[in-house]
Amino acid sequence: MAVVLIRLKLALMRHSFTGMRVLGLVLALLGAALTWYLAVSSPGPRVRSDLLPLVFAVWAAAWALGPTVANGAGTLRSQYFALLPMDRRRTGALLLVTAFVDLGPALTLVASAALVWHGASLSAGAALVAVPAALLLWVSLISLSRLVFRALGAAMHSRLGMEIASVQWGLFLALIFFGWMAVQPALAATLELRDRGLGEGPTGALLAALPTSWPVHAVDAAGAGAWGSALGWLAATALTSLVLASVTAVLLAPRVTARGVRRRGRPPGARPLSRPARAVLPGTPLGAVVGKELRQWWRDPWRGLEVRASLWAGLFIGLLAWSSDTFSFFAPFAGVICAFIMVLATANMYGHDGTALWLTAVGQGPGTARADVRGRQIAIALLSAPGALALSVLFIVLTGEHWAWPYVLTGLAAVFGAGSGLSLLFSVVALSPGVDPQLRVDANDSGDNQVQVWLSLLSLPVLASPAVLAAVFLGLAGAPWAAVPVGVANGLLGALWLGRIAHRRLDGRLPETFTRIRYGRAVALQAVPEAGSLLDRLERTAISGNEETRPQGS
């Protein structure tokens, strides 16, 4: 059966070689090359014993974070086998076996083989111990990757798990956008580490305690002739690998029904937002959409992940800048960056809905699409603007950079306004469906939106450029506060103009939009003209460019 599943995986891989997979393989190849470079070029076994635990810890972190960030649920998903007459735990174990058959795990095995080089430099006995130690390390890394991915998906069904996932995503986004603040010190430190190792200190002690360092300890002990210690470290590594693989196999086992959150009462946000006695929202279609969206973003873990990850990313970016002497002036703009990331995160709102868009399609009437688009714009602003503003206030007060007030307010108004229109436009035109909300299992089952993200990265700076130019030139002229009205006007016009294009597009193609969600790429391409308008070409690009997670609806 394992051979059958491996052949099935290889067949699927041949037909789903995406850009993210190519990027992952390139990074794995560079990581393997760097691992061997540090192992071969280090001046002696002592320095190598310091470097290899650090390198293997980085490999573990990359395998833990990489699949989640790269939408890498694995080519074979456990849901495919939920209704087959197969033992579920055995199926989970077989799916774990297929995880080792790929170019990424193969390159990881090549990197782990650097431990054998280290053992051979010590003694023949150490080289003999290094072979099983390297294999066990490899099993631990791949098992850890599957374990984190599936555990994160399971945790998404609880508030605490969603918050943990949000912190992880926020940290990754912060490093992606502003990790360059630490690149220069890290490069300099890497060159020094190659020559002298970590030395004595808390960093070395912490790395030595990690399970990824235990294979190195086993090899070092064998090289020193301490065979009892070497076998002890090797046994500990084997036990860790066994536990990781066993737990991962259980989590990979298919489930017949989707798991949901057990509620013991009314969920937060269930109180009506529009009561006759004290109405919070108007009793209109627009008010209904705003109320629905506020509840959806609060209750749905996959939506809540987008909002919270943006806020955590803004916080981490502010802390990175504040801790740097060179870039501390940038810390007050953490809220603006949070708003920017929020636009990227909300560029697939209709994809989050899944086949629930059917309700809007069958109830479509005059003004339905307009109320739906405008209500979503208002809800996103109500949810994210207070948090972004609070981040800006926090870091302005902490850093004492009060000169940044007009620039921050200008940037927030322009980015939130133009960004809300841009995210709704991409949500309509470049919609990317995922697994229906009630059937989601993994952390990123809500759909791939890489096309929307890249287009937003290019478009949003252009849309906010009037406010940016006004802030620059009016600031040089000594009147920075005069740029705030320009930023407000920039944001308002962007929200109205782009939102109008979005709701007119949705009004004219609501059935086709639902078709895209319900039936997937092949059917959706038939409904889009090959040589149509700019929006038609954008829609075809998104349909073809985004990796498709086959929707499972009613």
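Small disclaimer: the values here were computed from a predicted structure and weren't measured.

> Residue-level account of a nonpolar patch on the surface, with values.
A surface patch of nonpolar side chains, about 440 Å² in accessible area, is lined by V22, L23, V26, L27 and L30. Residue position: V22 is located in helix α2 (residues 19-41). What makes V22 partly exposed here is its relative accessible area of 35%.

> For the side chain of S213, give the residues involved together with the corresponding values.
Structurally, S213 can be placed in the loop between α10 (202-209) and α11 (214-223). For S213, a relative accessible area of 0% translates into the label buried. Those residues in contact with S213 that lie beyond four places of it in its chain are P53, L207 and A208.

> Requested: an account of the packing of aromatic side chains, with residues and values cited.
Applying the stated rule across the entire model yields eight aromatic pairs. Judged by centre distance (6.2 Å) and plane angle (70 degrees), the rings of W36 and W117 are edge-to-face. Linking W36 in helix α2 with W117 in helix α6 (residues 114-122), this pair joins segments that are 81 residues apart in sequence. Using a relative accessible area of 25% as the deciding quantity, one classes W36 as partly exposed. Among the residues examined, W117 registers a relative accessible area of 40% and is labelled partly exposed. Taking the centre distance of 5.1 Å and the plane angle of 70 degrees together, the rings of F100 and W138 count as edge-to-face.

> Got a sec to walk through α11? Specific residues and values, please.
For an α-helix the count is 3.6 residues per turn, leaving residues at separations of three or four pointing the same way. A large share of α11 lies buried, amounting to eight of its 10 residues. For α11, every residue scored as buried is listed here: W214, P215, V216, H217, A218, V219, A221 and A222. Immediately beyond the C-terminal end of α11, within one or two residues, lies G225, with a positive phi of roughly 85 degrees.

> Quick one: what's the story with helix α19 (residues 405-429), residue by residue and with numbers?
Between the first and last C-alpha of α19 there are 36 Å, a value that for 25 residues agrees with the 36 Å anticipated at 1.5 Å per step. At G419, α19 shows its largest kink, close to 25 degrees. Counting buried residues in α19 gives 21 out of 25 residues, a clear majority hidden from the surface.

> Explain the confidence of the model for the chain to me, using residue names and the numbers behind them.
For the chain, the average pLDDT comes to 81, and 82% of its residues sit at 70 or higher. Across residues 258-270, where pLDDT falls below 50, the model places 19 contacts with residues more than four positions away in sequence or in other chains.

> So what's going on with the packing of helix α13 (residues 285-299) against helix α14 (residues 301-322)? Which residues, and what values?
In the contact formed by α13 and α14, the axes pass within 5 Å of each other and the chain directions differ by 85 degrees. Here α13 lies roughly perpendicular to α14, going by the angle between them. From α13, E293, Q296, W297, W298 and R299 reach across to α14, where they touch P301, R303, G304, E306, V307 and R308. Class assignment of the residues belonging to the contact of α13 with α14 gives a composition of four nonpolar, two polar and five charged.

> Can you tell me about the environment of A524, naming the residues and giving the values?
Counting through the fold element by element, A524 comes out in helix α24 (residues 521-526). Note: C-alpha distance between A524 and T513 (11 residues apart in sequence) is 8.2 Å. In this structure, A524 is in contact with R516 and I543, ignoring residues within four places of it in sequence.

> I'd like a rundown of the side chain of S427, residues and numbers included.
Mapping S427 onto the fold places it in helix α19. Reaching out from S427, the side chain makes a polar contact with the backbone oxygen of A347 at a distance of 3.4 Å. S427 has contacts with T346, A347, N348, M349 and Y350, leaving out every residue within four places of it along the chain.

> Quick rundown of the packing of α13 against helix α18 (residues 368-399)? Include the residues and the values.
Put simply, α13 and α18 touch, their axes get as near as 8 Å, and they point 45 degrees apart. With respect to each other, α13 and α18 are oriented oblique. Note on packing geometry: the crossing formed by α13 with α18 is right-handed. Between α13 and α18, the residues in contact are P285, L286, V289, V290, K292, E293, L294 and W297 and A371, D372, R374, G375, R376, I378, A379, I380, L382 and L383, respectively.

Parameters at a glance
Residues numbered from 1 in each chain as written. Predicted model: local features only at pLDDT ≥ 70, side-chain atom pairs only at ≥ 80, totals over all residues. Heavy atoms only, no water. Patch = residues over 30% accessible without salt bridge, like charges linked within 9 Å, V, L, I, M, F, W, Y side chains within 5 Å. Areas by Shrake-Rupley, 256 points an atom, 1.4 Å probe, with all protein chains shown as cover. Salt bridge = Lys/Arg side-chain N within 4 Å of Asp/Glu carboxyl O. Helix = DSSP H or I, 4+ residues; strand = E, 2+ residues; numbered from the N terminus. Buried < 20%, exposed > 50% of the residue type's maximum accessible area, 1.4 Å probe, protein only. Contact = heavy atoms within 4.5 Å. Phe/Tyr/Trp six-rings, centres within 6.5 Å; stacked < 30°, edge-to-face > 60°. Expected span 1.5 Å × (residues − 1). Bend = angle between axes of the 7 residues up to and from the residue. pLDDT = per-residue confidence, 0-100. Axes fitted to C-alpha atoms, helices over the stretch in contact; angles between N-to-C directions. Parallel < 35°, antiparallel > 145°, perpendicular 65-115°, else oblique. Nonpolar A, V, L, I, M, F, W, Y, C, P; charged D, E, K, R; others polar. Polar contact = N/O pair within 3.5 Å; in protein donor to acceptor, adjacent residues only side chain to side chain. Left-handed = near helix turned anticlockwise from the far one by under 90°.

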